[in-house]
Amino acid sequence: QVRPVESGGGLVQAGGSLRLSCAASAINFRIYTINWSRQAPGKQRELVASINVGGITTYADTVKGRFTISRDNVKNTGFLQMNSLEPEDTGVYYCNLKTPPAYGPPGDYWGQGTQVTVSS
């Protein structure tokens, strides 16, 4: 079973940067779409960024131009580089791996999350 593990969260001042990592001991890691989502207390979870098997990336409007999603298929690791962080970016960030239907049976795997706190 695939179980992503996030790391790299922490406390940072506004304007600072963090890089989150998502490691997974998955066979055929490269076929999975990697999604980063975040959730603040009392708020809905929102999709922040995605990267698919072809390396195509998508971003939420709120982070576009500040965040960069990437992947290293040799290391079975996804990344989320977060620059120019704002207090509104505070939340628990989750890594999610999903199997595109064209590439095999359905799969939907979530990590435990890593806390990101941005101070004013």
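Structural data are supplied above this passage.
Criteria and cut-off values
Residues numbered from 1 in each chain as written. Predicted model: local features only at pLDDT ≥ 70, side-chain atom pairs only at ≥ 80, totals over all residues. Heavy atoms only, no water. Salt bridge = Lys/Arg side-chain N within 4 Å of Asp/Glu carboxyl O. Helix = DSSP H or I, 4+ residues; strand = E, 2+ residues; numbered from the N terminus. Buried < 20%, exposed > 50% of the residue type's maximum accessible area, 1.4 Å probe, protein only. Pairing = 2+ DSSP bridges.

Undergrad: So what exactly am I meant to see when it comes to the pattern of salt bridges here?
TA: Here the idea is simple: oppositely charged side chains can pair when their charged atoms come close. For the coordinates displayed, the defined rule picks out five salt bridges. Two residues, R38 and D89, come together in a salt bridge whose shortest N-O distance is 2.8 Å. Residue R38 is located in strand 4 (residues 33-39), and its partner D89 is located in the loop between strand 8 (77-82) and strand 9 (91-98); the two are separated by 51 residues in the primary sequence. Assessed through its relative accessible area of 1%, D89 is described here as buried. Across the pair K64 and D61 runs a salt bridge, and its minimum N-O distance is 3.3 Å. One network of salt bridges, with partners in common, ties together R38, E46, R66, E86 and D89.

Undergrad: Help me understand the pairing of strand 5 (residues 46-51), please; the structure alone is not making it clear to me.
TA: Looking along a regular strand, one sees the side chains alternate between the two faces of the sheet. By the bridge criterion, five bridges tie strand 4 to strand 5 in an arrangement that is antiparallel. Paired with S37 across the two strands is L47, which belongs to strand 5. Connecting the antiparallel pair strand 4 and strand 5 is a turn made up of six residues, with G42 showing a positive phi of about 80°. As paired elements, strand 5 and strand 6 (residues 57-59) share three bridges and run antiparallel to each other.

Taken by themselves, the reported measurements are silent on function.
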